[in-house]
Structure formats: structure tokens, C-alpha cells
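Per-entry structural report
So you can see what is in the structure, the chains are spelled out below.
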Amino acid sequence: LENVLFFPVNFVIMPLFALANTAIILPAQFGHAFTTTISFGIMAGLVFGKPIGIFFFSFLASKTGIAALPSRTSYRQLFGISILGGIGFTMSIFTATLAYSLAGLQIISKVSIMAGSVISGLAGFAYLTYVKPKTALHVVKTVKEEEKTVPEQQTFGYDVEPSPLTIEPVLN
């Protein structure tokens, strides 16, 4: 049941729940919302500012020894995850409702936040798809072939039967 509900819950129900909780009332025509300096600033902050800030400080922390990248993670992948940081719209909408008292400015800011989040999500997905790791697991040998080339393994006193297949990472 959990496997059956995973995709509908995560990709339909949760996004609709998040959208419903943003209290966005979309006017019939909201195209003008993308032509204001407020919308440009909000979308630029989400699409460019957050990724640059997240990547820069993460890079700085890893280079100074404060933090370390997870094993087998590159800075290109870190940048891709930084792009996805622009998706976080919950606090942006909360801040916009506190910053603007006029309903028209709140609508402009909320529509811009949603657009910036969508752009960040699509850009992050495209970038991470482009820089995906070039490794894969392949079945390479059978035990009989392995017995000829691999020295005896330590079993630490336990009777261990070798598996019929071994898996080794292979670079593409």
C-alpha cells in the first residue's frame, strides 16, 4: 500500500496541500505580476541568489574544513542541489505577507515566488540530470572466475560461503 500511494501523495496531494496553505488568490489576469520590480527581485533572489549563496558558503565551509562533502559527491552536484534551494517557497510567502500590507503587492509577490520556485525546480532537475554520476553497478564475474584471480578472503573464524556473483562499480 505504501508503494502504491508514494507517487500520488508526494507528487499530487502534498503539492496541492502546500499550494492551498499559501493562501494565494489568483486574479483572472496576473500577467502584470511579472512586469514589476518586485517580481524581478523575488524571482532573481530565488533563481540566482539562493543557489549562489548556498553553493558559496557550502564551498567555503568544505574548503576551510568546517564541513566536508559527502563521499562520492562533486562540487558540480553541490551546485545542482543549491539550485534546488530556490524551491523553498513557504518562508518566502510568509515573509512577503509580513513585508507587504497591500493585497495587490502580496499577490504579485506570491505569484513571483511560485514562478521562481517552479523555475528553480526545473532548472535544478535539468542541471542534475546533466551532471549525474558516471558510475554504475555491473555484474562482472562469477565465483569460478574469481577463484582464479582473487586471493583467499579472511573469514575471521566464520564459515562464509562465497556468493555466486560479485558486483563492482564500473566507470562509463
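Everything in this summary refers to the structure shown in the same document.

Conventions used here
Residues numbered from 1 in each chain as written. Predicted model: local features only at pLDDT ≥ 70, side-chain atom pairs only at ≥ 80, totals over all residues. Heavy atoms only, no water. Axes fitted to C-alpha atoms, helices over the stretch in contact; angles between N-to-C directions. Helix = DSSP H or I, 4+ residues; strand = E, 2+ residues; numbered from the N terminus. Left-handed = near helix turned anticlockwise from the far one by under 90°. Contact = heavy atoms within 4.5 Å. Nonpolar A, V, L, I, M, F, W, Y, C, P; charged D, E, K, R; others polar. Phe/Tyr/Trp six-rings, centres within 6.5 Å; stacked < 30°, edge-to-face > 60°. Buried < 20%, exposed > 50% of the residue type's maximum accessible area, 1.4 Å probe, protein only. Expected span 1.5 Å × (residues − 1). Bend = angle between axes of the 7 residues up to and from the residue. Parallel < 35°, antiparallel > 145°, perpendicular 65-115°, else oblique. Patch = residues over 30% accessible without salt bridge, like charges linked within 9 Å, V, L, I, M, F, W, Y side chains within 5 Å. Areas by Shrake-Rupley, 256 points an atom, 1.4 Å probe, with all protein chains shown as cover. Salt bridge = Lys/Arg side-chain N within 4 Å of Asp/Glu carboxyl O. Core = buried A, V, L, I, M, F, W, Y, C linked by side-chain atoms within 4.5 Å.

Another aspect to go through is the packing of helix 2 (residues 37-64) against helix 3 (residues 75-84). As a packed pair, helix 2 and helix 3 sit with axes 8 Å apart at the nearest point and diverge in direction by 145°. The two elements helix 2 and helix 3 cross, and the hand of that crossing is right-handed. Of the residues in helix 3, those in contact with Lys50, Pro51, Ile54, Phe55, Ser58, Phe59, Ser62 and Lys63 of helix 2 are Tyr75, Leu78, Phe79, Ser82 and Ile83. Grouping the constituent residues of the contact of helix 2 with helix 3 by class yields eight nonpolar, three polar and two charged.

So, about the packing of aromatic side chains. Each aromatic ring pair is characterised by the separation of its centres together with the angle its planes make. Counted by the stated rule, this structure contains eight aromatic pairs. The interplanar angle of 20° and the centroid separation of 5.6 Å between the aromatic rings of Phe7 and Phe11 together place this pair among those described as stacked. Of this pair, Phe7 and Phe11 both sit in helix 1 (residues 2-21), four residues apart, roughly one helical turn. Across the pair, Phe11 and Phe7 agree in class, each one exposed. Site record: aromatic cluster; members linked through ring pairs are Phe55, Phe59, Tyr75, Phe79 and Tyr127.

Moving on: helix 1. Across its 20 residues, helix 1 extends only 25 Å between first and last C-alpha, which sits more than 12% below the 28 Å expected from 1.5 Å per residue. Along helix 1, the helix axis deviates most sharply at Val9, where the bend reaches about 45°.

So, on to the packing of helix 4 (residues 90-99) against helix 5 (residues 103-130). The geometry of helix 4 relative to helix 5 is characterised by a closest axis approach of 9 Å and an angle of 165° between their N-to-C directions. By the criterion of interaxial angle, the relationship of helix 4 to helix 5 is roughly antiparallel. Helix 4 and helix 5 meet at a crossing whose hand is right-handed. Contacts between helix 4 and helix 5 involve Ser92, Ile93, Ala96 and Thr97 on the former and, on the latter, Gln106, Ser109, Lys110, Ile113 and Met114. Of the residues that constitute the contact of helix 4 with helix 5, the class distribution is four nonpolar, four polar and one charged.

There is a patch of nonpolar side chains on the surface, built from Phe6, Phe7, Phe11, Val12, Ile13, Leu16 and Leu19 and spanning about 720 Å² of accessible area. Locating Leu16 in the fold gives a position in helix 1. Residue classification places Leu16 among the exposed residues on the basis of a relative accessible area of 53%.

The next point concerns the environment of Ser120. Within the secondary structure, Ser120 is located in helix 5. Taking relative accessible area as the criterion, Ser120 reaches 1% and is therefore assigned buried. When the C-alpha atoms of Ser120 and Ile87 are compared, they prove to be 5.8 Å apart, with 33 residues separating the residues in sequence.

On to the side chain of Ser82, then. Of note, Ser82 is situated in helix 3. Here Ser82 falls in the buried class, since its relative accessible area comes to 0%. Not counting residues within four places of it along the chain, the set of residues in contact with Ser82 comprises Lys50, Pro51, Ile54 and Phe55.

Core analysis: the largest hydrophobic core is formed by seven residues, namely Ile24, Ile42, Leu46, Phe89, Ile93, Ala96 and Ile113. In contact with Leu46, other than residues within four places in its own chain, are Pro51, Gly86, Gly88, Ser92, Ser112, Ile113, Gly116, Ser117 and Ser120.

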